[in-house]
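Understanding the architecture of this molecule
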Amino acid sequence: MMKNTLLAFALLLPALAVAAPQIGQPAPDFAVVDSHGAVRTLEEFAGQPLVLEWSNHDCPFVIKHYSSDNMQSLQRRYTEAEVAWLTVISSSPGTQGHVSAAEANQLTTTRSAAPTAVLLDEEGTMGRAYDAKVTPHMYLIDSNGTLVYMGGIDSIRSANAADIPKATPYLADAVDALLAGEPIPNSVTRPYGCSVKY
Amino acid sequence: MKLTGWRWRGVVGLWWGLLVAASAVAGVQHHPHIAVELVPEAVAVAPGESLTVALRLLPESGWHTYWRNPGDSGLETRIAWQLPEGVTVGPVVWPTPQRHPFGPLVNYGFEGETWLLSELQLPTTLKVGESLELAARAEWLVCEVECIPGEADFSLHLPIVAKTQWDTARREAWRAARAALPEAVAWPAQFAIEGRELVVQWQAEEVVAEHPEEAYFFPDADDLIDHAAPPQVVHRAGEWQLRYPLSSLFQRPPEAVTGVAVIAGRGYQLTALAGGEWQAAPPSDPPKQVLALWWILLLALAGGVLLNLMPCVFPVLSLKALSLAQGTAKARRERALHGLTYTLGVVASFALVAALLLALRAGGAAIGWGFQLQSPLFVGLLAMLLFALALSLSGVVAFGTQLMGLGDRLTSSGGYRGSFFTGVLATVVASPCTAPFMGTALGAAVLLPPGVAMLIFITLGLGMALPFLLLGLSPALARRLPRPGPWMETFKQAMAFPLYLTVVWLLWVLGRQSGVDALALVAVGLVLLALALWLWGRPPGRHPHWRNGSALLLLLLALATLYLPATLPPSGVSATGEKPHSSGYRPYRAETLAELRAAGETVLVNMTADWCITCLANERVALESEAVRSALAAQGVVYLKGDWTRRDAAITDYLASYGRNGVPLYVVYHPGQEGQMLPQILTPALVLSALQPTFSQPDL
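Being a predicted model, the structure only gives us computed values, none of them experimental. (Residues numbered from 1 in each chain as written. Chains lettered and ligands numbered in written order. Predicted model: local features only at pLDDT ≥ 70, side-chain atom pairs only at ≥ 80, totals over all residues. Heavy atoms only, no water.)

A closer look at the state of the cysteines
Where two cysteines share a covalent bond between their sulfur atoms, that bond is called a disulfide. Our working definition: The disulfide definition used here is simple: a pair of cysteine sulfur atoms within 2.5 Å. Comment: elements are numbered from the N terminus, with helices defined as DSSP H or I runs of at least four residues and strands as E runs of at least two. Remark: exposure states derive from per-residue accessible area (1.4 Å probe, protein chains only) relative to the maximum for the residue type, with buried under 20%, exposed over 50%, and partly exposed in between.
Overall, the coordinates contain two disulfides over all chains when judged by the stated rule. What pairs with Cys59 of chain A in a disulfide is Cys194 of chain A, and their sulfur atoms sit 2.1 Å apart. Sign of the S-S torsion, about 90° for the bond between Cys59 of chain A and Cys194 of chain A, identifies this disulfide as right-handed. Here Cys59 of chain A, found in the loop between β3 (50–54) and α2 (60–67), pairs with Cys194 of chain A, found in strand β9 (residues 194–195); they are 135 residues apart in sequence, far enough to count as distant. The residues Cys59 of chain A and Cys194 of chain A share a single accessibility class, namely buried. What pairs with Cys143 of chain B in a disulfide is Cys147 of chain B, and their sulfur atoms sit 2.2 Å apart. Since a negative S-S torsion denotes a left-handed disulfide, the Cys143 of chain B-Cys147 of chain B link at about 115° is right-handed.

Quick word on unusual backbone geometry
Trans peptide bonds make up most of the peptide bonds, and negative phi angles are found at most residues other than glycine. Residue and element names in this part refer to chain A. Cis geometry is adopted by the peptide bond preceding Pro136, which originates at Thr135 and carries an omega value of -5°. Note on placement: Pro136 falls in the loop between β6 (134–135) and β7 (138–141). The backbone of Asp69 shows a phi angle near 70°, a positive value even though the residue is not glycine. By the secondary structure assignment, Asp69 is in the loop between α2 and α3 (70–80).

Here we look at the packing of aromatic side chains
Any two aromatic rings considered together are summarised by their centre-to-centre distance and by the angle between their planes. Note the cut-off: Stacked, tilted and edge-to-face pairs are distinguished by plane angle, under 30 degrees for stacked and over 60 for edge-to-face with tilted covering the rest, among Phe, Tyr and Trp rings (Trp via its six-membered ring) whose centres lie within 6.5 Å. Comment: the charge-over-ring label is applied if NZ (Lys) or CZ (Arg) is within 6 Å of the ring centre and within 35 degrees of the ring normal.
For the structure shown, the criterion picks out 21 aromatic pairs over all chains. On the numbers, 5.4 Å between centres and 75° between planes, the contact of Tyr130 of chain A with Tyr139 of chain A is edge-to-face. The buried category is assigned to Tyr130 of chain A, whose relative accessible area is 0%. Taking the centre distance of 6.2 Å and the plane angle of 80° together, the rings of Tyr108 of chain B and Tyr216 of chain B count as edge-to-face. Highlighted residues: Tyr108 of chain B in strand β9 (residues 105–111) and Tyr216 of chain B in strand β17 (residues 216–219), separated in sequence by 108 residues. Pair check on accessibility: Tyr108 of chain B and Tyr216 of chain B agree, each one buried. Put simply, the rings of Trp67, Tyr108, Tyr216, Phe218 and Tyr244 of chain B touch in pairs and so form one group of aromatic residues. In this structure, Arg111 of chain A packs its charged tip against the face of Tyr66 of chain A, placed 3.8 Å from the ring centre. Here Arg128 of chain A stacks its cationic end above the ring of Tyr198 of chain A, 4.6 Å away from the centre of that ring.

Spelled out as structure tokens, the structure:
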């Protein structure tokens, strides 16, 4: 009996192992308060594609994509196409990019940003669950809750906005392919940017 | 005054123009948090020669720039050249990088003055008397916690002369810059992708390292390894093997893995080729390889022998040994057979546990030795088993004598079966007692190929069975045991008490894992078990079925009490959760450790578990002694404690990074240095001396 117990226990173990997010697997769950005080979960976006954007408004790589209106136009383009877009801020209090709810809303206004919501992940729980490393780090989840893209916003790793038109827009390509029902060309790419300030 | 748009732009343009004009002449340019300079090795060059030019980076203290593979974030420094026709330039030659942990991320880069070298080849068509015009634009990202991108334009005008004139004023600086480069070596090196891990292995017999386990490999490719995870390092006989979890960006194995190996602060540029059956001993170096394995096997054997002295094993085995001694000279052959079957029992059990452990590791589960005791159900069952054995020794019931091979059934076949199961039993009850030697042997074992790992576990079992096997095989030895007599009954009963104590200890572990309710319930279960055994031991009377049935029912009820601890979520009361402030430690988290180290704190890490006796003893004797506590306070050392009582993947990873897969593990981090591992048995003096700052190890 002892051996059976050991065996039974042993067989249970792999199921308990913690795993990093993987393409083709269910995206990690989250429950994070947004800048309007509502708790947002993965579940509520079931049935529609969801883009996650890790952000830190003072990071030069984020500035690159906001000063050029690249990020905002992607947000507008896809939220109009019924894609949900969550901007996630995982900077812990006292670090670069950490903002209050009011500041987050003000940033949205001043930058003319158009995300579905801005999530304030102060504890970094969601960031760690997604293994978000940099800002901007982008993820795409399909309407079944499966992670289908993770990585950079585009292919040229620089803080120079002049590079944006020359780059392959990895995230936009992924969302367009998903909306068109086609396979995603590069489902994992190298993200670039500032480290997430956990 | 308000500037209109075009005027504003004009002012900026003018200012920018002045800046560029100034920079083209001046050497050092100052940018936010960093100064940069383009430094040619010669002041005048000859046609057809080569010329090395350095981009000299001088970040402020605490700020860093990035290597060609920047790690989890950041951006490598880039140089774009504008060269006259015929002049060619090679790729940037980088110094040996350093690891910069930040929270859960790790970057590769450089603090302090850094020289990035570019090798220019000049054509023979250059005309002596003219001037060589070189222009370069450098782009960098300089970070402390926050990052600032920067760029600078440089131009160099070098007279073309018949014979190159070196910049003698900077000869020393150039020497230092070249000394900081990784050495190009032709070491045999291989890599393999095993499951979700990259294994890199190289041979470097000529390299001597005081701490070979601190070796590191910086891969050139940024999508290969999880940069934040420290590698598992195995070093034996001039051969290093580093195992990293794969990056989440990893897609397909490359043809070759290139990068920089760092051993004892020196960098070596390596190319590792895809390896097939690469665990095989390399033909050039068979004796050393065998020696290293023998050393591990010897440790395993010694650890196994030590297990016999553990309080949970000794009572069971001492009785078995004495029962052997009862045999007469005629029974010599039987005695040998008993020794052998017992050995078989132990070895088979060890092999079973090893197979499970290896299968699980292959499946990617984060477990280590002692993992059985992380299950409250297993701990509860073990408590019941030991309690039943103890009751049987106390004479409550004769149950268990068969298992232990006591009595006069020595010559019957049932006796041999008894010997076999004594071996199994001994292995089961030995599992809480991780002898100090086993940590090293088993830590190495799981990193080795499965066949070798199995060999080590079997050797461990052999070590455990060894005293008994010798008794069985050597009549001379057996004769030296005390003569059997009525005193044996007294001895047997006395031996019950260490077992009772072991039960108390297991209950305590269970209580810490599942809370006081579960503990009380299992204690009731023990009483039911005692009742069942007592009934069993009564004379059958008129209705033996009634008696046996009740005993069986009680036994099942006793086992049912394990339901609660098995299903209850972790209680939250743990070795680290209790009284965090009064005891002066903080719970271990990888991020906390990285932050503290980044902040230049001295940190003491203690990885422990409630079921680990060695750990608890070390805490009582050394870590929580007045001397150590006051030294920790006086020197401002941060004491982090990790609790492995229940499974914890982060701690398993940390243990693996030091080549261990069990507790205890003690590591001291001095500011700017790699962790220094302490022995598994601590004394206050040893801890105090480890806390003294040392300056021996360079930063990686």
